Amino acid sequence: MKISEFQIKDVVNVSDGKRLGNIGDIEINLTTGKIEAVVISGGGRVLGFFGKDDDIVIPWKNIIKIGHDVILVRYKGSNEMNGDQSEV
């Protein structure tokens, strides 16, 4: 699969069914040559005010399925920032 094909797929969180966006970048471990994570670029906020949202980094192990049109991931979202580790 080419990176350009990977980037056009919608990324959806299986925890809540929300669309997170599209992959803007990938993190590669230069020692092993393996993909460590995918980065979903933060979109602009309402009407572009107050800059843009932070990027979302999804570890490769949290990618559940790569389909024809969509990539299913497990992302904790705000719970992760609050230190709540109860979700898997």
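Details of the structure are given in the entry above.
Quick look at the structure, then.

Scoring rules and cut-offs
- Residues numbered from 1 in each chain as written.
- Predicted model: local features only at pLDDT ≥ 70, side-chain atom pairs only at ≥ 80, totals over all residues.
- Heavy atoms only, no water.
- Patch = residues over 30% accessible without salt bridge, like charges linked within 9 Å, V, L, I, M, F, W, Y side chains within 5 Å.
- Areas by Shrake-Rupley, 256 points an atom, 1.4 Å probe, with all protein chains shown as cover.
- Salt bridge = Lys/Arg side-chain N within 4 Å of Asp/Glu carboxyl O.
- Lys, Arg positive; Asp, Glu negative; His and termini not counted.
- Charge placed at Lys NZ, Arg CZ, Asp CG, Glu CD.
- Helix = DSSP H or I, 4+ residues; strand = E, 2+ residues; numbered from the N terminus.
- Buried < 20%, exposed > 50% of the residue type's maximum accessible area, 1.4 Å probe, protein only.
- Contact = heavy atoms within 4.5 Å.

Turning to a negative patch on the surface, a few remarks are in order. On the surface, a cluster of negative charge is made up of D25, E27, E36, D54 and D55. Relative to the helices and strands, D54 is located in the loop between β3 (35-40) and β4 (56-59). Exposure remark for D54: the relative accessible area of 66% places this residue in the exposed category.

So, about the environment of V14. Locating V14 in the fold gives a position in the loop between β1 (10-13) and β2 (19-28). In this structure V14 comes out as partly exposed when scored by relative accessible area, which is 39%. Along the primary structure V14 and K76 are separated by 62 residues, whereas in three dimensions their C-alpha atoms are 9.8 Å apart. Residues within four places of V14 in sequence aside, it is in contact with I64, L72, V73 and R74.

A cluster of nonpolar side chains, M1, I28, L30, I35, W60 and I66, forms an exposed patch at the surface whose accessible area comes to about 620 Å². Looking at the element boundaries, W60 is found in the loop between β4 and β5 (63-66). We classify W60 as partly exposed; its relative accessible area is 33%.

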